[in-house]
Every structure is written in structure tokens, then in C-alpha cells.
Amino acid sequence: MTSSVILSGRQVRSFWHAARRNNRHSGGAFSVVGQQQRLLPPLFSSAPHGAGATVAQQPLSQYYLNHPSFSTTAPDGDKAAPPDGLNAKVIDTRDNNQQPNTTNNNNTAPPNNNSHISHLAELSKARLSALVVSTTAFGFLAAGPTALAFTSLPTFAAASIGTALCASSAATFNQIIEVERDRQMKRTGNRPLVTGEVTKEVAVGLGCLTGASGGLMLGLGTDPITTMLGIGNIGLYAGLYTYLKPRSEINTWVGAVVGAIPPVMGWTAAGGSPMDAEALLLGSTLFLWQFPHFFALNWMYRADYKRGGFAMVAVNDPDGDRTAGLIKRYGLYLASLPFLSTALEVTSPMFAVDAGILLNGYALHVASKFDKERSNANARKVFLTSLWYLPCVMMLFLIHSRRWHEEVTDDEGVVDNASLLVKMQKLMNEIQTKGRDLCMHEAIASNDVGIWVGNESNKTAIDGSKCPITLGKAAAENASSSIAAKEKIELKQESSQDEEFESKVNEN
């Protein structure tokens, strides 16, 4: 006779991880029957709550309900029996005469080094650190080839790796502080500190090591401003942000500041000032981008955040009115940055078209769908859109940056890496050229594409030269030519005046 209990897919996965952590197994085999067939490892040999009873001495369903890794939570947060109709069933297939193994198995397999590495990577949030590195590299490359000619590849490496180590340190300390809250959440229930795969002492050591080595690398390889920003961000994330998460909704805004600092660090490491227009635009882009990203994430996991006791906007917004409003509002703020960047002459006008109209237009469309229907599916679309939006806007910024159209000079022999910079600049120009070939207004302006309005008997061709973007570019070119001609005349006049003055001095 077999005993069985209905489990959800998440509960099956939770038990799977729990069973992997235990070196003492009974001899039985347990299988999952449902939408997907999979094998589970044998059950633990002893009762989970230290009652002294073995698995064979208690009903299987009671074992599962008592096991700390298994929980069926009702909407009010109380434990409930598994409801009918869930998608998995665990069946005890042991022979009735088979007794559980209650002895320790000393012949267990040696620890897997790869699993230790994966646990440490999860503890330091390696994927988040990779995102931080990409934004730091973005800020560094935004300085353009002329500025980069005065720096070196080791500086770039020091800025990227140092920032990643600081981000890892902050994430590790964050998980150390929040381990009990993470234990209450399904989304974070399998983190290595929660499961016991990594001890608190090891986590503290990892946080101190990555923080110290990150600060040291930034200090030796970059400049004091970049170093202070990196070390300060550890304190801001692991300190103020983590402290505010269970206490105030403002934690999201503090976390957005943390995310806005890495691109500024890349900019300052390349020799720029944190008050430059480019640095402010880069930081603002990352700051504003985080609100649609995290508000959508908060909405999808609002019940989980409530169980963990975190003060998120979505937790206190059952109807989603505030969440939807904030996503749209910050989406509009984000959409204005490409136009501001163009107005400040940091980027070309096409950045306003590509990023300001096309890219942000779609992002705002997705945000509007969530506003009309506050479902998890629409929130997920906002979240997923934010994931590909960021690399796209960073690449477009670099492609349309005016700094990447400057010539790389070899004054005073500062361009040891000039060949690499020239190759990167050529790549940017090639991408821009291909973009112009695909751009509708460029095709119309060059008369490669003919567009008419009206019917067959009375149709009028659209004059490509009247395209607003083409007119703007032509006006800018004319203005530049006029300024250059005027400066040339002034220089000639000054030169003639200097010659007259020198001739008079010589005569006297």
C-alpha cells in the first residue's frame, strides 16, 4: 500500500532542495506523478522536528506537512492542507518490508566544488554584479576615444572588476542581514544562507574580502573619486537601503541611487567629472530606469514581499493604482532624457528619434497596458521590457554620442592603445552607416524611396528635403559652416594686425 499527498510544483522543488542537503537517506524511492514525471531523492531517515520517529513511524502526508521545507500557505498566511487538483503527487513506492536507513552513511560522495562556487556566486548575486559591470563599462566608454586615449586598458579593468567586487560585497552583507526575512519568502527561500549551504561566518568573510579587494583595486587602478563612490555604495546598499526595506517605501528610491552610481564611476575612471553633463545623464538614465523595473517586480511578488515583511509600494497598493501610476510617470521621465541629451548636444538628434520616440514609445505602451489591466502577466511584460531596454539605450547612446565622432590624436604620444580606439570608432561609424541605410527619413531624403500622397489621378511626391530631421541637420551644418568661416576671417584679421604691428615696431 502506498501513501500519497498532493504537492504543487514549487513545493516539490522545495523538498528536492531539502533532500539534497541531507546526507542520510532511507532506501526508498519517491516519484512525482503529474504534468511532468521526475524522481525525487529518498526521504530523510529521521523526523524533521526531532521527535525521534522515523519516516516509517509516521504517515507520509503528515511527514510532508511537518517538514520545514514544505508549506501550503492560505491567503491569510495560515498553513492549510494541500488542496485537490494541484499538479503533482508524491508517492511512497517503498516495499512494506523495507526499513528506513537510520544510520549515518560515511561513504557519502565528496563535496562538489562546482556547487560551492555556485553557492558563493548566488550569495554575491553574480548576475546583478554583471549588470553593474556593464553599466560601469558603459560610463567608461561614453567618455569617447579622445578621453580614453589618456587612459589605459588596466584602468578600464580596474574600474570594472573593482566595481563588481564592491557590488558583490554589498549583496553579501544584504543577505546576511535579511536571512530571516528571506526564509519567509518563496522567491528567496533557496538562497545559500537560508538553506545552510553557506554559513554566516563564511558569508561575512566573503563580504569583507570582496569589499576590501574591490576598494583596493579601485584605489590603485583608478582615482580617489571613483574609489569613494565604490566604497560608499557598499555602505549605501548594505546599510541605508537594507535598513529601510522593512521600514519605509522610500527604500526603492534609495536603491535607485545605488544603481545610478556605477555608470558615473565608469565616467570618472575615464577622467571625467561627476558634474559633467554626460555623467548626470548617465546616472539619471540608470536612476529612472530602475523604477519601472522594480515596481513591476514588486507587483509580481507582492504577496511574497508581504510575507517577508518588506515595505514595498505594491504591498500597500492592493488595487495597483499607485504602482501603475509610478511606472508610467517614471517611464515619461525616462523618455525625456534622449531629448535633453540632444538639446545639450551630448548626442546627435537621431538619439532622440531612436531612443526617445521608438524605444521609449514601446516601453510606455507596455506600461499603459499594465495601467489598464493590473495583472501579473502585464507586470511581467513591463519587467521583461526593462531588461532589454537598458542595453539598447546604452548602445544607442554610444552610437549617437558626439564624443565618438572626435578624431583620436597622438599628441605627446598618449595613445598607446590608439589602434584599439580607432577600431572601436570605425565600428561605431559602420553601425551608424547601416542604421542610416535602414532609416526611413534618410532614405526619403536621399530619394532612394519615393512616397506620394493622394489618389492615382492627383498624387504628390513628398519632398525628402522637407523632412524635419533632415532640415535640422542641414541647419546645423550650415550654422557650423558659418561659424567656421567667421572664425577663419577673424583669425586672418588678427594675423594681419599682428603683422602690421610687427612691421611698425621694426621700422622704429
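Keep in mind it's a predicted model, so treat the numbers as computed, not measured. (Residues numbered from 1 in each chain as written. Predicted model: local features only at pLDDT ≥ 70, side-chain atom pairs only at ≥ 80, totals over all residues. Heavy atoms only, no water.)

A. Summary view of the packing of helix H10 (residues 224-244) against helix H11 (residues 251-269). Interaxial distance between H10 and H11 falls to 9 Å at its minimum, and their mutual angle equals 170°. Considering their axes alone, H10 and H11 lie roughly antiparallel with respect to each other. Facing Ile225, Thr226, Leu229, Gly230, Asn233, Leu236, Tyr237, Leu240, Tyr241 and Leu244 of H10, the residues of H11 in contact are Asn251, Val254, Gly255, Val257, Val258, Ile261, Pro262, Val264, Met265, Thr268 and Ala269. Residue composition of the contact of H10 with H11, by class: 15 nonpolar, six polar and no charged. (Axes fitted to C-alpha atoms, helices over the stretch in contact; angles between N-to-C directions. Helix = DSSP H or I, 4+ residues; strand = E, 2+ residues; numbered from the N terminus. Parallel < 35°, antiparallel > 145°, perpendicular 65-115°, else oblique. Contact = heavy atoms within 4.5 Å. Nonpolar A, V, L, I, M, F, W, Y, C, P; charged D, E, K, R; others polar.)

B. How the structure looks around unusual backbone geometry. A positive phi is found at Lys125, a non-glycine position, where the angle reads about 50°. By the element assignment, Lys125 lies in the loop between helix H3 (113-123) and helix H4 (126-141). Even without being a glycine, Glu345 presents a positive backbone phi close to 60°. Assessed through its relative accessible area of 57%, Glu345 is described here as exposed. (Buried < 20%, exposed > 50% of the residue type's maximum accessible area, 1.4 Å probe, protein only.)

C. View of the side chain of Lys125. One buried charge, Lys125, has no salt-bridge partner; the nearest side chain with opposite charge is Glu178, at 6.0 Å. If near-sequence neighbours (up to four positions away) are discounted, Lys125 is found in contact with Ala171, Asn174, Gln175, Arg191 and Tyr237. (Lys, Arg positive; Asp, Glu negative; His and termini not counted. Salt bridge = Lys/Arg side-chain N within 4 Å of Asp/Glu carboxyl O.)

D. A look at the packing of aromatic side chains. Per the counting criterion, the structure on display carries 14 aromatic pairs. With 5.1 Å between their ring centres and 80° between their planes, Phe287 and Phe291 make a pair best called edge-to-face. With Phe287 and Phe291 both in helix H12 (residues 277-300) and four residues apart, this pair spans about one turn of that helix. Residue classification places Phe287 among the partly exposed positions, given a relative accessible area of 24%. A relative accessible area of 0% means that Phe291 is categorised as buried. Members of the aromatic cluster, connected to one another through ring pairs, are Trp253, Phe287, Phe291, Phe295, Tyr330 and Tyr333. Over the aromatic face of Phe310 sits the side chain of Arg181, whose NZ or CZ is 5.9 Å from the ring centroid. The ring of Tyr301 is capped by Arg187, whose NZ or CZ atom sits 5.2 Å from the centre of that ring. (Phe/Tyr/Trp six-rings, centres within 6.5 Å; stacked < 30°, edge-to-face > 60°. Lys NZ or Arg CZ within 6 Å of the ring centre and 35° of its normal.)

E. Region of the structure containing helix H9 (residues 200-221). Spanning 22 residues, H9 covers 31 Å between terminal C-alpha atoms, matching the ideal 32 Å at 1.5 Å per step. When H9 is considered as a whole, its buried residues turn out to be Ala203, Leu206, Gly207, Thr210, Gly211, Gly214, Gly215 and Leu218. Angularly, the buried residues of H9 cover 145° about the axis, an arc narrow enough to put them on a single face. More than 90 degrees from the buried face of H9, the exposed residues found are Glu201, Leu209, Ala212, Leu216 and Leu220. (Expected span 1.5 Å × (residues − 1). Arc of directions from axis to C-beta.)

F. A look at a nonpolar patch on the surface. On the surface, Phe339, Ile357 and Leu358 cluster together into a nonpolar patch covering about 300 Å² of accessible area. Mapped onto the fold, Leu358 is located in helix H15 (residues 349-372). (Patch = residues over 30% accessible without salt bridge, like charges linked within 9 Å, V, L, I, M, F, W, Y side chains within 5 Å. Areas by Shrake-Rupley, 256 points an atom, 1.4 Å probe, with all protein chains shown as cover.)

G. Spotlight on the pattern of salt bridges. In this structure the tally under the stated criterion is nine salt bridges. Among the ionic pairs, Arg191 bridges to Asp182, the shortest N-O distance being 3.1 Å. Both residues of the pair, Arg191 and Asp182, belong to the buried class. With a shortest N-O distance of 3.6 Å, Lys328 and Asp371 are connected by a salt bridge. Linking Lys328 in helix H14 (residues 321-343) with Asp371 in helix H15, this pair joins segments that are 43 residues apart in sequence. By relative accessible area, Lys328 is classed as partly exposed at 30%. Look at the salt bridges and you will find they share partners, linking Asp321, Lys328, Asp371 and Arg374 into a network.

H. Representation of the environment of Leu326 in the model. Looking at the element boundaries, Leu326 is found in helix H14. Taking the C-alpha atoms as reference points, Leu326 and Val313, 13 residues apart in sequence, are found 9.6 Å from one another. Sequence-distant contacts of Leu326, defined by excluding residues within four places in its chain, comprise Trp253, Phe295 and Val313.

I. Representation of the confidence of the model for the chain. Per-residue pLDDT for the chain averages 74, and the proportion of residues at 70 or more is 62%. Throughout residues 20-109 the model reports pLDDT below 50, and contacts reaching past four residues in sequence, or to other chains, amount to 165 contacts. Across residues 462-466 the pLDDT falls below 50, and counting only partners more than four positions away or on other chains, this stretch makes seven contacts in the model. (pLDDT = per-residue confidence, 0-100.)

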